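# Topology and contacts: notes
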Amino acid sequence: MDRFIITGGTPLKGTVRIAGAKNATLPIMAASLLCPGSCQIHEVPDLRDVRVMCEILKLMGAQVERGKGYCQIDAWNVASCEVPENLMREMRSSIFIMGALLGRLGRVKVSYPGGCAIGPRPIDLHLKGLAALGAKITEKHGYVLAEAKELRGSDVHLDFPSVGATENIMMAAVRARGITFIRNAAKEPEVVDLQNFLNKMGAKIRGAGTDTIKIEGVTDLYPTNHSVIPDRIEAGTFMVAAAMTQGDVYLENVIAEHTEPVAAKLREAGAEVETSGEGIHVTGRRLKAVDVKTLPYPGYPTDMQPQTMAMLSIAEGTSVVIENIFINRFKHVDELRRMGAQIKIEGRAAVIRGVERLSGACVEASDLRAGVALVLAGLVADGQTLVEHVHHIDRGYEDLEKKLKKLGAQIERIQEVR
Ligand code: UD1
């Protein structure tokens, strides 16, 4: 497994281009299975999760071609409806195959998606939604089989605005007879991007981005082209990195509205954040403590919580971070403590007493965002930090160390001899 060696203390300076959003790319790739034809997707990031999704689509019978920032998916011959367990375990987003294949073939068999270091991640809301559309769901021996001779439009009320459940139900409902309403739907920008992709294919969806989505089922879908939206979490990560290293960074290819929850918090902490054109300019200084509560969009993203905690570890004063989305998302705390952070956990709350400096240590990434938080901590720590299990970070950041190096960071990847 690869590692990063980071020598802290250099403020980040320069320009960085943000890649297409992982969390928009994965459901859009799955949704391309709905269309008997060839879809072209642009701004596709080169990530481990994207490579896994390509493997799954190929196994389902699709032809997949990749180029730089580009993916062509020809789903003319989709025949298989069973995703092998090893790929389901590799990545939770493999669950998107359910809605897409149910819509296309009327049958799909998957195992429960991979366990996850950030706490229990059930799929009950996905299954309830698909059942409401008329799918018969059978759960046996760790597998879920969903079958429907014909899907029919329905009124689905989600107990929680789950991003994945909203997207899965949208994909299946596109091919249902009649109208589906998803109420208490997730409002994340990635849900809107999926709506835009599906509508370009001929779907009739309105309301994504609000809490009610209306989907009028259609019989035919057509090949299309689509450019994925910029990754607001990668952007947020670089914004936090610029602020906490007291740097001066311009981020290109961002949608400022999507990063506003993070920008507002950074301003409150004392950083300067300005929007200009299709970019954001962040200038850091010694930051002040701020309180943060993670919430569904447009609240503060849970996917930015670990990075924000790394930043608050060196802010002046005491901050409280409340995690409302994933109950167990504090795995990075022990590792940050090894670097000298003063953090106490009480249930869903973390109390962080800012210290002047962190100190470099050997730490382990337990998941994607926890891992990148340790990289950010390493950028401001005294001496060297060794971050192990970088493969978690590779799931969601394209060329992280190259981008950081271009901004002046001292970071090297040590490749495991394979
Ligand atoms: C998506 C994102 C992930 C992000 C999360 C929350 C993708 C590929 N991943 O994950 O990066 O952290 O949104 O913004 O887009 N829940 C249930 N039952 C369900 C589904 C969800 O109880 O059937 C719960 C989860 O355990 C969690 C909460 O709902 O506590 C939110 O999960 P959800 O919005 O579904 O997250 P994901 O779609 O898995």
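Residues numbered from 1 in each chain as written. Predicted model: local features only at pLDDT ≥ 70, side-chain atom pairs only at ≥ 80, totals over all residues. Heavy atoms only, no water.

Below, the discussion takes up the sheet that holds strand 15 (residues 272–276). The sheet built from four strands is open, its strands ordered 2-14-16-15 with mixed pairing. The sheet is open, and its two edges are formed by strand 2 (13–17) and strand 15, each paired on a single side. Adjacent strand axes in the sheet meet at a mean angle of 15° when their direction is disregarded. Direction of pairing for strand 14 (residues 248–252) relative to strand 16 (residues 279–283): antiparallel, over a ladder of five bridges. Bridge assignment links valine 249 to a residue of strand 16, and that residue is valine 282. (Pairing = 2+ DSSP bridges. Helix = DSSP H or I, 4+ residues; strand = E, 2+ residues; numbered from the N terminus. Axes fitted to C-alpha atoms, helices over the stretch in contact; angles between N-to-C directions.)

Once that is clear, we can look at the side chain of glutamine 195. On the secondary structure map, glutamine 195 appears in helix 7 (residues 189–200). Glutamine 195 sits in the buried class, given a relative accessible area of 9%. For glutamine 195, the side chain forms a polar contact with the main-chain nitrogen of glycine 207, separated by 3.4 Å. Among the polar contacts made by the side chain of glutamine 195, one reaches the main-chain amide nitrogen of alanine 208 at a distance of 2.9 Å. Residues in contact with glutamine 195, not counting those within four places in the same chain, are Met170, Ile205, Arg206, Gly207 and Ala208. (Buried < 20%, exposed > 50% of the residue type's maximum accessible area, 1.4 Å probe, protein only. Polar contact = N/O pair within 3.5 Å; in protein donor to acceptor, adjacent residues only side chain to side chain. Contact = heavy atoms within 4.5 Å.)

Neighbouring the ligand are 19 residues; Asp124, Leu125, Ser162, Asp303 and Ile325 lie closest to it. The backbone of proline 122 places a nitrogen or oxygen atom 3.2 Å from an oxygen atom of the ligand. At a separation of 2.8 Å, an oxygen atom of the ligand approaches a polar backbone atom of valine 163. Bound to the protein, the ligand loses 86% of the 740 Å² it would expose on its own. Elements supplying a minimum of two residues to the shell around the ligand: helix 5 (124–132) and helix 6 (163–173). Per-element accounting of the shell around the ligand gives the leading share, three residues, to helix 5. Of the residues assigned to the shell around the ligand, the class counts are eight nonpolar, six polar and five charged. (Near = heavy atom within 4 Å. Areas by Shrake-Rupley, 256 points an atom, 1.4 Å probe, with all protein chains shown as cover. Nonpolar A, V, L, I, M, F, W, Y, C, P; charged D, E, K, R; others polar.)

The next subject is the domain arrangement of the protein chain. When the domains of the protein chain are assigned, the result is domain 1 (3–19 + 230–414) and domain 2 (22–227). Placing the centre of domain 1 and that of domain 2 at their C-alpha centroids yields a distance of 30 Å. Contact residues are listed per partner, giving 26 residues for domain 1 and 20 residues for domain 2. Across the domain 1 to domain 2 interface the summed buried area is about 1,900 Å²; carbon plus sulfur atoms make up 54%. When the area that domain 1 buries against domain 2 is broken down by residue, the three leading residues are Tyr297, Arg395 and Glu398, summing to 30%. Run the count over domain 1 and domain 2 and you get three salt bridges. (Domains from an automatic or database assignment. Buried area = accessible area lost by both parts, 1.4 Å probe. Salt bridge = Lys/Arg side-chain N within 4 Å of Asp/Glu carboxyl O.)

Attention shifts here to the packing of aromatic side chains. Following the criterion strictly, the structure yields zero aromatic pairs and no others. If you follow arginine 183 out to its NZ or CZ, it ends over the ring of phenylalanine 181, 4.7 Å from the centre. (Phe/Tyr/Trp six-rings, centres within 6.5 Å; stacked < 30°, edge-to-face > 60°. Lys NZ or Arg CZ within 6 Å of the ring centre and 35° of its normal.)

Here four strands make up an open sheet; going across it, the order is 9-10-12-11 and the pairing mixed. Both outer strands of the open sheet, strand 9 (155–157) and strand 11 (204–206), are each paired with one neighbouring strand and no more. On average, each strand axis in the sheet is inclined to that of its neighbour by 15°, with strand direction left out of account. The pairing of strand 9 with strand 10 (residues 179–183) spans three bridges and is classified as parallel. If you follow histidine 157 over to strand 10, its bridge partner there is arginine 183. Across the sheet, helix 7 lies against strand 11 and strand 12 (212–216), angled at about 155° from strand 11, the strand it touches most.

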